[in-house]
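Chain by chain, the residues:
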Amino acid sequence: MLFRSTADSCLQKPVDKSLSRRIVEKENLDTSKMLIGMVLLDEIPSGNFGEKVNARSLCAVTLKLLAEVFDANFVLIPQLYGTYRDFPSLLKIAENNELGNRVYVSSDEYDSDEHQSLIGIFDLFVSFRLHSFIFAVRQGVPSVCIGYEHKAFGFTESVKIQEYCLDFFHTTPEEIVKKVQQVWERRDEFKREVKTNILRLEKLALKNSELAAELLTSYRAKKKGTIFDSLRSIFG
């Protein structure tokens, strides 16, 4: 059987920088001061059976310590919608830290393209979720990922920035802050490393659509059998 290695599909679409300009204006974000973006976790996503971790506490204390270290404002970006929307939880984290107008929770009405564009304006980015981290990295934003699945570690290895990915189940707020300080101090090196490696992954990501189109074309051409027969013809 033939296996084809690609990359995450979120790397396929180019970033539309104009979207962030509209969001900054709409949200009235102050970009005159250092901005640190954060994507937090309210709880560990289902299906992850690592050691018990109080996700909200880890995120809240990390935010508090970052505010003590960096003279910056913070933007918390919602990631979940519908029944499990995390906007209310982010508001509670912001309020409980008593940082006032230094912490802002962006609207949860934006789609992934808008989120990606917004993430590109930050000076620093801290993410407890993979795809928002990828959005930051591909735009050269110095970033730290706190990963709860193997995918996060695999991505950082592929772009040679694995030192900036921490294990969610075995880290502390202090360790996260130390790593954020480190990536900020080495931001020029980080950007050079990413620029060298991200283009290769973007090209691999396009393979996902090419393979999907090839599969559908093969299936239609045969008109017999099942779609699994087409899969076997493509992948061996």
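For the structure itself, look to the data block above.
What counts and what doesn't
- Residues numbered from 1 in each chain as written.
- Predicted model: local features only at pLDDT ≥ 70, side-chain atom pairs only at ≥ 80, totals over all residues.
- Heavy atoms only, no water.
- Pairing = 2+ DSSP bridges.
- Helix = DSSP H or I, 4+ residues; strand = E, 2+ residues; numbered from the N terminus.
- Axes fitted to C-alpha atoms, helices over the stretch in contact; angles between N-to-C directions.
- Buried < 20%, exposed > 50% of the residue type's maximum accessible area, 1.4 Å probe, protein only.
- Phe/Tyr/Trp six-rings, centres within 6.5 Å; stacked < 30°, edge-to-face > 60°.
- Lys NZ or Arg CZ within 6 Å of the ring centre and 35° of its normal.
- Arc of directions from axis to C-beta.
- Contact = heavy atoms within 4.5 Å.
- Salt bridge = Lys/Arg side-chain N within 4 Å of Asp/Glu carboxyl O.
- Polar contact = N/O pair within 3.5 Å; in protein donor to acceptor, adjacent residues only side chain to side chain.

A. Molecular detail of the sheet that holds strand E3 (residues 103–105). Pairing is parallel across the open sheet formed by six strands, whose spatial order is E3-E2-E1-E4-E5-E6. With one partner strand each, in any of the chains shown, E3 and strand E6 (165–167) form the two edges of the open sheet. Averaged over neighbouring strand pairs, the angle between their axes works out to 20° when direction is ignored. By the bridge criterion, four bridges tie strand E1 (residues 35–39) to strand E2 (residues 73–76) in an arrangement that is parallel.

B. Here's a closer look at the pairing of strand E4 (residues 124–127). Alternating residues of E4 divide into Leu124 and Val126 and Phe125 and Ser127, and every residue in both groups is buried. Direction of pairing for E1 relative to E4: parallel, over a ladder of four bridges. Of the residues in E4, the one forming a bridge with Val39 is Ser127. With three bridges connecting them, E4 and strand E5 (residues 143–147) associate as parallel partners. Looking at E5, one finds that Ser127 is bridged to Cys145.

C. Up close: the packing of aromatic side chains. Tallied over the entire structure, the rule returns five aromatic pairs. Between the aromatic rings of Phe133 and Phe155, the centroid separation amounts to 6.0 Å while the plane-to-plane angle is 85°, which identifies the pairing as edge-to-face. Separated by 22 residues along the polypeptide, Phe133 in helix H5 (residues 130–138) and Phe155 in helix H6 (residues 150–158) bring together distant segments of the chain. With respect to class, Phe133 is no different from Phe155; both count as buried. By the ring-pair criterion, three or more aromatic residues cluster together here, those being Phe128, Phe168 and Phe169. Just above the ring of Trp184 sits the side chain of Arg187; from NZ or CZ to the centre is 3.9 Å.

D. Highlighting helix H1 (residues 17–27). Every buried residue of H1 is accounted for by Leu19, Ser20, Ile23, Val24 and Glu27. Mapping the buried residues of H1 onto a view down its axis gives an arc of 135°, with all of them on the same face. Along H1, the residues that are exposed and aim more than 90 degrees away from the buried face are Arg21, Arg22, Glu25 and Lys26. At its buried positions, H1 is contacted by E3 and helix H4 (112–119).

E. Structural detail: the pattern of salt bridges. Throughout the structure, instances matching the rule amount to six salt bridges. Between Lys33 and Asp71 there is a salt bridge; the shortest N-O distance is 3.2 Å. Taken as a pair, Lys33 in the loop between H1 and E1 and Asp71 in the loop between helix H2 (55–69) and E2 lie far apart in primary sequence, 38 residues in all. The class of Asp71 is exposed, set by a relative accessible area of 59%. Measuring nitrogen to oxygen at the nearest pair gives 3.6 Å for the salt bridge that ties Glu149 to Lys151.

F. Spatial organisation of the side chain of Asn97. Tracing the backbone through its elements, the reader meets Asn97 in the loop between helix H3 (87–96) and E3. Here Ala60 takes part through its backbone oxygen, which lies 3.3 Å from a polar atom of the side chain of Asn97. Among the polar contacts made by the side chain of Asn97, one reaches the main-chain carbonyl oxygen of Ile93 at a distance of 3.1 Å. Setting aside residues up to four positions removed in sequence, Asn97 forms contacts with Ala60, Leu63 and Lys64.

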